[in-house]
Amino acid sequence: LSIYRTQFDLGPANVTRYNERGQQSKYPPSCEQYGWCATIDIDMEMLSAACPQCNILLVEAKNDINDLEIAEAEAVKLGATIIANSWSCPGSYDCGDRKFPEYFAAPGVAYLGASGSAYGNIGGPSALATVIAVGGTQLINTSSRFTETLWYNSGGGCADPSEVGGAGEAKPSWQKDPDCKYRSVADVSAEAGCSPGVLIYSGTYGGWSEYCGTNVSAVLTCTAATGT
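Okay, so let's go over this structure. Treat the numbers as computed from the prediction; the structure is a model and nothing was measured. (Residues numbered from 1 in each chain as written. Predicted model: local features only at pLDDT ≥ 70, side-chain atom pairs only at ≥ 80, totals over all residues. Heavy atoms only, no water.)

## What to know about unusual backbone geometry
- Look at the link from Gly-124 to Pro-125: it is a cis peptide, with omega at 0°.
- Along the chain, the position of Pro-125 falls in the loop between strand S6 (123–124) and strand S7 (131–142).
- With omega at 20°, the peptide bond leading from Val-185 into Ala-186 counts as cis.
- With respect to the helices and strands, Ala-186 occurs in the loop between strand S10 (184–185) and strand S11 (188–191).
- Notably, Ser-143 is not glycine yet its phi reads approximately 55°, a positive angle.
- Among the structural elements, Ser-143 can be located in the loop between S7 and strand S8 (145–150).
- Overall, Ser-143 belongs to the exposed group, its relative accessible area being 71%. (Helix = DSSP H or I, 4+ residues; strand = E, 2+ residues; numbered from the N terminus. Buried < 20%, exposed > 50% of the residue type's maximum accessible area, 1.4 Å probe, protein only.)

## What to know about helix H4 (residues 65–77)
- Its 13 residues place the ends of H4 19 Å apart at the C-alpha level, agreeing with the 18 Å of an ideal helix rising 1.5 Å per residue.
- For H4, the full list of buried residues reads Ile-65, Asp-67, Leu-68, Glu-69, Ala-71, Glu-72, Glu-74 and Ala-75.
- Turning to H4, the residues buried within the fold contact strand S2 (55–60), strand S3 (82–85), strand S4 (89–90) and strand S5 (110–114).
- Residue Asp-64 occupies the N-cap position of H4, its side-chain oxygen lying 2.8 Å from the main-chain nitrogen of Asn-66. (Expected span 1.5 Å × (residues − 1). Contact = heavy atoms within 4.5 Å. Polar contact = N/O pair within 3.5 Å; in protein donor to acceptor, adjacent residues only side chain to side chain.)

## Some words on the layout of surface pockets
- Taken as a whole, the largest pocket holds about 880 Å³ of empty space.
- Around the largest pocket sit 36 residues that line it, and Leu-57, Leu-58, Val-59, Ile-83 and Ala-84 are the ones nearest its centre.
- Broken down by element, the lining of the largest pocket gets its largest block of residues, six residues, from S2.
- The class makeup of the residues in the lining of the largest pocket is 24 nonpolar, eight polar and four charged.
- For the lining of the second largest pocket, a count of residues per class yields three nonpolar, seven polar and no charged. (1 Å grid on protein atoms, 1.4 Å probe; cavity = no way out; pocket = protein on both sides within 12 Å on 5 of 7 lines; lining within 4 Å. Points joined across faces, edges and corners; volume = space filled by probe spheres on them. Nonpolar A, V, L, I, M, F, W, Y, C, P; charged D, E, K, R; others polar.)

## Structural notes on the packing of aromatic side chains
- Counted according to the given criterion, the structure contains nine aromatic pairs.
- Judged by centre distance (6.1 Å) and plane angle (35°), the ring pair of Tyr-4 and Trp-208 falls under tilted. In this pair, Tyr-4 is assigned in helix H1 (residues 2–7) and Trp-208 in strand S13 (residues 207–211), connecting sequence segments 204 residues apart.
- Judged by relative accessible area, Tyr-4 falls into the buried class, the value being 5%.
- With a centroid separation of 6.1 Å and an interplanar angle of 75°, the aromatic rings of Trp-87 and Phe-100 are classed as edge-to-face. (Phe/Tyr/Trp six-rings, centres within 6.5 Å; stacked < 30°, edge-to-face > 60°.)

## Considerations on the environment of Val-216
- Note on placement: Val-216 falls in helix H6 (residues 214–220).
- For the pair formed by Val-216 and Glu-191, sequence separation is 25 residues and the distance between their alpha carbons is 7.2 Å.
- Excluding residues within four positions of it along the chain, Val-216 makes contact with Ile-42, Met-46, Glu-191, Val-198 and Tyr-211.

Here's what the structure looks like:
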């Protein structure tokens, strides 16, 4: 993160690191064990790019859904008012736990969830009506101008029982689209495309590389949630 912020003259980061129990110790094993290394790099660096002066709380959880739920609740206890989730459970709105939606319903908290990378393959947390589902666009720079189009691989769809299981996710009153009787995903979109992707520094994976996906856009949207 320090190398990324130095490269783009963003100044030092204000980051506090916790485990899923809110402790500043006893962190989970190496992120490589759970495949979170690149995801953490993307999250921290995209948040830095969009809001260099934001206070960042990194809550590290293990890989089990219960651990992720505990981390979600702990972030609220620690004072987070915007929580970005770069993960999803395709095909399941509750990730196999009927209490799952309760962890995304704290008053006054904006929950952001990546919509995934395939149309019709949506799931929790982005499928929940209490979560801002974030899809993806593709930014292209041509002759010093940017054009933006829908990213063809952005996740989205209708959260009906055939897509997310159970009884599906009820349609919020503010959604008026006629072709989906259940919740429609996504709500907003931001840069997530791969042609090109965004530049990320990851010492674990050899330095500078391009990355893409709605985990990118879910974090970029944090600044829209703050109103800054």
